[in-house]
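Descriptive analysis of the structure
Listed here are the chains, written in short residue letters.
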Amino acid sequence: MPDYLARTPRASAPPPMPPLLMPTPPVAPQLPPVHAVDLMTEAGSAAFDAVWRGKEAKIIEVPALTDSMPEFKTTYDIDPHAEERGFDDAAWPVIPATELGAKRGGGQVSFFWFRTRLTIPANALGFDTAGALTVLRINVDDYAEIWVNGEMPRAAGRPTPGGIQGFNMPNRLVLATQITVGETFDIAVFAINGPISAAPLNFLWFREAKVEFYR
């Protein structure tokens, strides 16, 4: 049995906390940042010691949950589950920052993982970072789910910056309200070609990847 199946509950289970009681994730400011660093440039990614790696994600058939209705014998999962903190992506190909905008996947219903680690520098290309409100801005054509340090905070009926925002709309996640020099953030971007039900005849790619700072 694959490892991800061995550690996946095979019966339905409620979330650890009722979704309506989950705290609302912080929402990024709507004002322009005082400074932004483009992670799709060599200098921008190097400022955060960021090395991007990527791998196609597959939809795989797995056994249905044991308490499913009897007519449902199988269901589907994503492989690999690269959102997890500490996930070992060392064998994945490195993606140069300048190639994040390349058209990836086979088109139609297509998924791709991008991963990197951001280390906050004392000075980010001319900006002293200590104490700044810091936002990660990612815009994937067409959608993305963003995991930070193995988590995607979400609350029912309220904004979820790490979830799908809309067709070609950016995800803007607050990394810290007061950033500390040397902090690290493991970033996992689950890129999705869509609309999924339309199975479009195109590919997925990064439109934007930035770290924004606010005072």
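The structure under discussion appears in the preceding block.
Residues numbered from 1 in each chain as written. Predicted model: local features only at pLDDT ≥ 70, side-chain atom pairs only at ≥ 80, totals over all residues. Heavy atoms only, no water.

**Some details on the overall build of the protein chain**
Stated formally: Helical segments are the DSSP runs of H or I of at least four residues, strand segments are the runs of E of at least two, and each set is numbered from the N terminus. Using C-alpha atoms as the atom set, the radius of gyration is obtained and then compared with a globule rule of 2.2 Å times the number of residues to the power 0.38. Only protein chains enter the calculation, and the probe is 1.4 Å; a residue is then buried if its accessible area is under 20% of its type maximum, exposed if over 50%, and partly exposed in between. Residue exposure ignores everything except the shown protein chains as possible cover, and the areas themselves are Shrake-Rupley values with a 1.4 Å probe. In this tally Asp and Glu are treated as negative and Lys and Arg as positive; neither His nor the chain ends contributes. For this purpose, a charge sits on NZ of Lys, CZ of Arg, CG of Asp or CD of Glu.
Counting its regular elements, the protein chain contains two helices and 10 strands. Sequence-ordered secondary structure for the protein chain, helices as α and strands as β, is α-β-α-β-β-β-β-β-β-β-β-β. In terms of overall size, the protein chain behaves like a compact globule, its C-alpha atoms giving a radius of gyration of 18 Å where 215 residues would be expected to give roughly 17 Å. In terms of principal-axis extent, the alpha carbons of the protein chain reach across some 60 × 40 × 30 Å. With 215 residues in all, the protein chain has 44% of them scored as buried. Only carbon and sulfur atoms are counted for the fraction: they give 58% of the accessible area of the protein chain, which is about 11300 Å². For the protein chain, the distance from the average position of its 18 positive side-chain charges to the average position of its 24 negative side-chain charges is 2 Å.

**Description of the pairing of strand β1 (residues 35–38)**
Note the threshold: At least two DSSP bridges between two strands are required for those strands to pair.
Covered by surrounding structure in β1 are His35 and Val37 only, the residues Ala36 and Asp38 on the alternate face being uncovered. By the bridge criterion, four bridges tie β1 to strand β10 (residues 205–214) in an arrangement that is antiparallel. Paired with His35 across the strands is Phe213, a residue of β10.

**Considerations on the sheet that holds β10**
Operational definition: Axis angles are defined between N-to-C directions and span 0 to 180 degrees, where every axis is a line fitted to C-alpha atoms and, for a helix, only to the segment in contact.
Ordered in space as β1-β10-β6-β8, the four strands form an open sheet in which the pairing is antiparallel. Taken across any chain shown, the strands that pair with only one partner, and hence form the sheet edges, are β1 and β8 (171–176). Neighbouring strand axes in the sheet, compared pairwise and without regard to direction, differ in orientation by 25° on average. Pairing analysis gives nine bridges linking strand β6 (residues 133–141) to β10, with the strands arranged antiparallel. Bridge pairing in β10 links Asn139 to Glu208.

**Thoughts on unusual backbone geometry**
Most peptide bonds are trans, and most residues other than glycine sit at a negative phi. Across the junction of Asp79 and Pro80, the peptide omega takes the value 0°, indicating a cis bond. Going from Asp141 to Asp142, the amide bond is cis rather than trans, its omega being 25°. Among the structural elements, Asp142 can be located in the loop between β6 and β7 (143–148). Positive phi, normally seen in glycine, also occurs at Gln108, with a value near 60°. If you trace the backbone, Gln108 turns up in the loop between β4 (94–95) and β5 (111–119). On the accessibility criterion, Gln108 (41% relative accessible area) is partly exposed. Phi is positive for Asn168, which is not a glycine, with a value near 60°. Among the structural elements, Asn168 can be located in the loop between β7 and β8. Residue classification places Asn168 among the partly exposed positions, given a relative accessible area of 21%.

**Some remarks on the environment of Leu125**
This is how the line gets drawn: Should any heavy atoms of two residues lie within 4.5 Å, those residues are considered in contact.
Mapping Leu125 onto the fold places it in the loop between β5 and β6. Under the relative-accessibility criterion, Leu125 is labelled partly exposed at 47%. Taking the C-alpha atoms as reference, Leu125 lies 32 Å from Gly105; in sequence the two are 20 residues apart. For Leu125, the residues in contact, after removing those within four places along its chain, are His35, Val37, Ala43, Gly44 and Ala47.

**Here we look at the pairing of β8**
Counting buried residues along β8, six of its six residues qualify, which places the element largely inside the surrounding structure. Where β6 meets β8, five bridges bridge the pair, whose relative direction is antiparallel. Across the sheet, the residue bridging to Val135 is Val174, located in β8.

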